[in-house]
Amino acid sequence: MKDIAISRRYAKALLLIGKEDGQAETYREQLSGMAAFLTRETELSSAIANPIYECDGRRGVLKVVVEKLGLSPVIASFTLLLFDKGRFGYLGSIDETYQELVDELNGIAHAHVVSAVDLSEDAVEKIKASLSALTGKDVILNLEKDPGLIGGIVTKIGDLVLDGSVRTQLQNMKESFKRGESV
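Residues numbered from 1 in each chain as written. Predicted model: local features only at pLDDT ≥ 70, side-chain atom pairs only at ≥ 80, totals over all residues. Heavy atoms only, no water.

### Describing the pairing of strand β2 (residues 138–145)
- By the bridge criterion, 8 bridges tie strand β1 (residues 108–115) to β2 in an arrangement that is parallel. Residue pairing for β2: Ala 111 is matched across the bridge by Leu 141.
- In this region the chain leaves β1, passes through helix α7 (residues 121–135) and returns to the parallel neighbour β2; the handedness of that crossover is right-handed. (Pairing = 2+ DSSP bridges. Helix = DSSP H or I, 4+ residues; strand = E, 2+ residues; numbered from the N terminus. Right-handed = clockwise from strand over helix to strand, strands pointing away.)

In structure tokens, the structure reads:
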């Protein structure tokens, strides 16, 4: 829980700067690029985060990396601030949170749709339109197939779960029968 709070605090601070100077999308790309680079370069990332090495040396290495990547002054300062505050290990989580916040700012929502069978293009568009109408945002769908649902779909968008699967309907009927209710 603490990790989420830390990530959210730093991501919000960066978003405020991005909204103020109109560079939120630029910062999104650069922060994502920096996080992806450090994920790929695990040895470099580990060396920068390893307290066995002298702090000034690790900071110097990070500064060179930031310069070589050609990051904007804001993202460069942000990355060095994370290092100075002992929060460098949260960079990936901060990046994820920042991506979500920028999407929210741009009126974009992400939905996860699980279906028993592959959905037709027409069905996908209808789901997308319905979710857009429900949320008032542009919706990006992440589709997944799970034959265990038997039929129907389960949609998760934010904290809202819409379960229209046959499996769940059968479970609900079973519970109703156990309680002696009519269906």
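That covers the picture; the talk isn't over yet.
### Examining the pattern of salt bridges
- Across all of its chains, the model carries 5 salt bridges by this definition.
- Residue Asp 103 pairs with Arg 28 through a salt bridge whose shortest N-O separation is 2.3 Å. Taken together, the residues Asp 103 in helix α6 (residues 91–105) and Arg 28 in helix α2 (residues 24–40) connect sequence positions 75 residues apart.
- Judged by its relative accessible area of 9%, Asp 103 falls in the buried class.
- Each member of the salt-bridge network shares a partner with another, and the members are Glu 25, Arg 28 and Asp 103. (Salt bridge = Lys/Arg side-chain N within 4 Å of Asp/Glu carboxyl O. Buried < 20%, exposed > 50% of the residue type's maximum accessible area, 1.4 Å probe, protein only.)

### A few points about the sheet that holds strand β4 (residues 160–163)
- What the 4 strands build is an open sheet, ordered β2-β1-β3-β4; its pairing is mixed. What marks the edges here is a single partner per strand, and that holds for β2 and β4. Strand-to-strand, the axes of this sheet are offset by a mean angle of 20 degrees, without reference to chain direction.
- Relative to β4, strand β3 (residues 153–157) is paired through 4 bridges, and the arrangement is antiparallel. Each residue of the ladder has a partner; that of Ile 157, found in β4, is Leu 160. (Axes fitted to C-alpha atoms, helices over the stretch in contact; angles between N-to-C directions.)

### Regarding the packing of aromatic side chains
- Overall, the coordinates contain 2 aromatic pairs when judged by the stated rule.
- Measuring from ring centre to ring centre gives 6.4 Å for Tyr 10 and Phe 78, while their planes differ by 70 degrees; the resulting arrangement is edge-to-face. On the criterion of sequence distance, the pair formed by Tyr 10 in helix α1 (residues 2–21) and Phe 78 in helix α5 (residues 73–84) is long-range, its members being 68 residues apart. Neither residue differs from the other here; Tyr 10 and Phe 78 are each classed as buried.
- Between the aromatic rings of Phe 83 and Phe 88, the centroid separation amounts to 6.4 Å while the plane-to-plane angle is 75 degrees, which identifies the pairing as edge-to-face. Pair check on accessibility: Phe 83 and Phe 88 agree, each one buried. (Phe/Tyr/Trp six-rings, centres within 6.5 Å; stacked < 30°, edge-to-face > 60°.)

### Some details on the nonpolar core
- Counting 30 residues, the largest nonpolar core has Met 34, Leu 62, Leu 91, Ile 94 and Tyr 98 as the members making the most contacts within it.
- Those elements that place two or more of their residues in this core are α1, α2, α4 (55–69), α5 and α6.
- The element best represented in this core is α2, accounting for 7 residues.
- Excluding anything up to four places from it in sequence, Leu 62 contacts Met 34, Ile 48, Thr 79, Leu 80, Phe 83 and Phe 88.
- Core analysis: the next-biggest nonpolar cluster, separate from the first, contains 9 residues, Val 113, Ile 127, Val 139 and Ile 157 among them. (Core = buried A, V, L, I, M, F, W, Y, C linked by side-chain atoms within 4.5 Å. Contact = heavy atoms within 4.5 Å.)

### Things to note about α5
- Helix length check: α5, at 12 residues, gives a terminal C-alpha distance of 16 Å against a target of 16 Å (1.5 Å per residue), a fit within 8%.
- For α5, the full list of buried residues reads Ile 75, Ala 76, Phe 78, Thr 79, Leu 80, Leu 82 and Phe 83.
- Contact partners of the buried residues in α5: α1, α2, α3 (42–49), α4 and α6.
- One or two steps after α5, the chain reaches Gly 86, where phi turns positive at roughly 75 degrees. (Expected span 1.5 Å × (residues − 1).)

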